[in-house]
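Listed below are the residues making up each chain.
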Amino acid sequence: MTTHSQGILIRHRGAAPQVHPTAYVAPTATLVGDVRIGPRARVMFGAVLDAEGSYIEIGEATVVSENAVLRASAVAADQPVRLADHVFVGPHATLLGCTVQRCCYLATSAGVLQEAQVGAGSVVAVAALVHARTVLPDEYFVPPQMLAIGDPVQLLAPGDPSVPEAIGRLGFANTAFGVDASWTDRLARHERIAEVRATEYAAHLDDRPATD
């Protein structure tokens, strides 16, 4: 793909990225498909915003830092990535099919998974994870390396023995991939997940550079 002054822009599933003229997208950032970059937003070097069969929307003065990954999907359901105004996304963060309200701070290596909602003014600290379908109230703080899970939200430490059971109750594979397989049948579940993603990503065989 070609590198443009406003990043690497790729037409995917018939949709091309849209970048507001006051926004900045670094030359090595990649925008794929229906990605909408708002006024004065900043998408920095190495970031990847991949809309797949849904869309990604970045609000005004929102910053997506280096090597962050934002991915929407329409496999299990329509799961866009929506970031409101004045959101900061730190380096190496991963946001999948989630909604983040205004004035949130997502630190380095933070993760927010499918259908999660992050309330306005919230903080997801370094290496913390907001799991699928979790709802953070406004101005909520997730400490470093902690797992936020559920609605109402519960905070769990990495070594907490209840973590596997809590994740198992989520039905994560069904939410993220549309795969309804037993939590204990890992081989079958992971095989189906890989097949789902392989099928979804086959649409990239038809990708083309977006033209101005």
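Residues numbered from 1 in each chain as written. Predicted model: local features only at pLDDT ≥ 70, side-chain atom pairs only at ≥ 80, totals over all residues. Heavy atoms only, no water.

**Quick notes on the overall build of the chain**
Consideration 1: When helices and strands are counted, the chain shows three helices and 24 strands.
Consideration 2: Radius of gyration (C-alpha) of the chain: 17 Å, near the 17 Å computed for a compact globule of 212 residues.
Consideration 3: With the principal axes as the frame, the chain shows a C-alpha extent of 50 × 35 × 20 Å.
Consideration 4: Residue burial in the chain is summarised as follows: out of 212 residues, 47% are buried.
Consideration 5: The contacts of the chain with a sequence gap of at least 6 include a subset with a gap of at least 24, amounting to 23%.
Consideration 6: The distance from the centre of the 15 positive side-chain charges to the centre of the 22 negative ones in the chain is 1 Å. (Helix = DSSP H or I, 4+ residues; strand = E, 2+ residues; numbered from the N terminus. Rg over C-alpha atoms; globule rule 2.2 N^0.38 Å. Buried < 20%, exposed > 50% of the residue type's maximum accessible area, 1.4 Å probe, protein only. Contact = heavy atoms within 4.5 Å. Lys, Arg positive; Asp, Glu negative; His and termini not counted. Charge placed at Lys NZ, Arg CZ, Asp CG, Glu CD.)

**A few points about the sheet that holds strand β1 (residues 8-11)**
Consideration 1: One open sheet accounts for ten strands, arranged β23-β22-β19-β16-β13-β10-β7-β4-β1-β24; its pairing is mixed. Both outer strands of the open sheet, β23 (154-156) and β24 (208-209), are each paired with one neighbouring strand and no more.
Consideration 2: Judged from the two bridges that link them, strand β16 (residues 111-112) and strand β19 (residues 129-130) form a sheet pairing that is parallel. Along β19, the bridge assignment pairs Val112 with Val130.
Consideration 3: Packing of helix α1 (residues 163-170) onto the sheet brings it into contact with β22 (147-149) and β23, and relative to β22 it is tilted by some 40 degrees. (Pairing = 2+ DSSP bridges. Axes fitted to C-alpha atoms, helices over the stretch in contact; angles between N-to-C directions.)

**With respect to the sheet that holds strand β21 (residues 141-142)**
Consideration 1: The sheet built from seven strands is open, its strands ordered β3-β6-β9-β12-β15-β18-β21 with parallel pairing. The open sheet terminates on both sides in strands that have one partner only, identified here as β3 (24-25) and β21.
Consideration 2: Note that β3 and strand β6 (residues 42-43) share two bridges and pair parallel. Residue pairing in the sheet places Val25 in a bridge with Val43 of β6.

**Side note on α1**
Consideration 1: Among all positions in α1, only Val163, Ala166, Ile167 and Leu170 are buried. Projected down its long axis, α1 shows its buried positions confined to an angular sector of 95 degrees, all on one face. Turned more than 90 degrees away from the buried face of α1 sit Glu165 and Arg169, all of them exposed.
Consideration 2: Packing partners of the buried residues in α1 comprise β22, β23 and α2 (172-177).
Consideration 3: Gly171 occupies a position one or two residues after α1 and carries a positive phi of about 65 degrees. (Arc of directions from axis to C-beta.)

These results come straight from atomic positions and should not be treated as a statement about function.
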